[in-house]
Amino acid sequence: MSTLKIRVLNKEDWGIYKELRLLSLQDSPDSFGSTYEHEIKFSNEEWISRLDHDNRANYALPLIAELNGVAVGLAWGLLHNPYDKTAHIYQMWVSPSVRGQGVGRLLLKKIISWAKEFDFESISLAVTTTNIAAVHLYKTTGFEPYGSLERLREISALYAQPMKLKLCDNAA
Ligand SMILES: CC(C)(COP(=O)(O)OP(=O)(O)OC[C@H]1O[C@@H](n2cnc3c(N)ncnc32)[C@H](O)[C@@H]1OP(=O)(O)O)[C@@H](O)C(=O)NCCC(=O)NCCS
């Protein structure tokens, strides 16, 4: 029987986080604003600092998905500042070998529960317009497009669509 576990990453996990994040950037360069070439230059201290709970308080939720103990997925919920009411999703990635089995939806569900727990009003993200799987995942979870398309990176032919999930009636 296989066991899928989603858990919060702590700074002791920086090695596996670094490995997974770099793998995701190599595997899916068209899905992220950042690049492998940029993040491979990060020092170990930078990877540790991203996961340092003292730095992020309750305003970040870095998640890892593990299938039978093997890391297969990553996603972050993040609040840019403590007074903000909109949380953001970044770094969502599932290993190609286990895609289509509900790991992405589960990661998303955990971030939505976290955002509700802290009374955030909405969750936003940006998804590359050609990313059929991710657009489907977000739309069927209730995210709706808003605002104008943004270039994925300064020099890129790809565009990302901002999407928002409203968690309460008065969300902007
Ligand atoms: C997007 C991604 C995270 C989805 O993860 P996943 O674990 O495969 O997703 P799930 O298995 O939970 O599937 C979620 C939904 O997407 C659908 N889906 C998955 N792959 C699909 C595809 N290639 N085309 C259309 N729909 C697809 C599933 O059928 C499911 O919908 P359903 O419940 O209505 O059947 C994964 O494809 C991925 O890591 N892609 C590369 C990185 C990326 O694009 N990240 C998003 C950045 S915004």
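Now for a description of the structure that goes with this document. The structure displayed is predicted, hence computed values, not measured ones.

Before going further, it helps to examine the site of the ligand. Neighbouring residues of the ligand: 20 residues in total, closest Met92, Val94, Gly100, Gly102 and Asn131. Separating an oxygen atom of the ligand from a side-chain N or O atom of Ser31 is a distance of 2.9 Å. At 2.7 Å from an oxygen atom of the ligand is found a main-chain nitrogen or oxygen belonging to Val94. With the chains in place, 73% of the 930 Å² that the ligand exposes on its own is no longer accessible. Using a 2 Å cut-off from the grid points, one finds that the ligand occupies the largest pocket. If you list the elements that add at least two residues to the shell around the ligand, you get strand E4 (86-94), helix H5 (103-117) and helix H6 (132-141). Grouping the amino acids of the shell around the ligand by side-chain chemistry returns ten nonpolar, eight polar and two charged.

This part is about the pairing of E4. Of all the nine residues making up E4, eight are buried; the element is thus mostly covered by neighbouring parts of the structure. Inspection of the sheet shows E4 paired to strand E5 (residues 122-128) by three bridges, in the parallel sense. Bridged to His88 within E5 is Ser124. One crossover worth recording links E4 to the parallel E5 by way of H5, and it is right-handed.

The biggest cluster of nonpolar side chains holds 30 residues, and the ones touching the most others in it are Leu107, Leu108, Tyr138 and Phe143. Those elements that place two or more of their residues in this core are strand E2 (60-67), strand E3 (70-78), E4, H5, E5, H6 and strand E8 (159-166). With seven residues, the top contributor of residues to this core is H5. Setting aside residues no more than four positions away along its own chain, Phe143 makes contact with Ile89, Leu108, Ile123, Leu125, Tyr138, Met163, Lys164 and Leu165. Membership of the second largest hydrophobic core comes to 15 residues, among which are Leu20, Phe32, Trp47 and Ile64.

For H6, the full list of buried residues reads Ala134, Val135, Leu137 and Tyr138. Each buried residue of H6 sits inside an arc of 160° when the element is viewed along its axis, so together they form one side. Turned more than 90 degrees off the buried face of H6, the exposed positions are Ile132, Ala133 and Lys139. Those residues of H6 that are buried lie in contact with E4, H5, E5 and E8. Just downstream of H6, Gly142 is the residue with a positive phi angle, here 110°.

Each value, and the rule that gives it
Residues numbered from 1 in each chain as written. Predicted model: local features only at pLDDT ≥ 70, side-chain atom pairs only at ≥ 80, totals over all residues. Heavy atoms only, no water. Near = heavy atom within 4 Å. Polar contact = N/O pair within 3.5 Å; in protein donor to acceptor, adjacent residues only side chain to side chain. Areas by Shrake-Rupley, 256 points an atom, 1.4 Å probe, with all protein chains shown as cover. 1 Å grid on protein atoms, 1.4 Å probe; cavity = no way out; pocket = protein on both sides within 12 Å on 5 of 7 lines; lining within 4 Å. Sits in = over half its atoms within 2 Å of the grid points. Helix = DSSP H or I, 4+ residues; strand = E, 2+ residues; numbered from the N terminus. Nonpolar A, V, L, I, M, F, W, Y, C, P; charged D, E, K, R; others polar. Buried < 20%, exposed > 50% of the residue type's maximum accessible area, 1.4 Å probe, protein only. Pairing = 2+ DSSP bridges. Right-handed = clockwise from strand over helix to strand, strands pointing away. Core = buried A, V, L, I, M, F, W, Y, C linked by side-chain atoms within 4.5 Å. Contact = heavy atoms within 4.5 Å. Arc of directions from axis to C-beta.

Remember, this is a structural readout, not a statement about activity or role.
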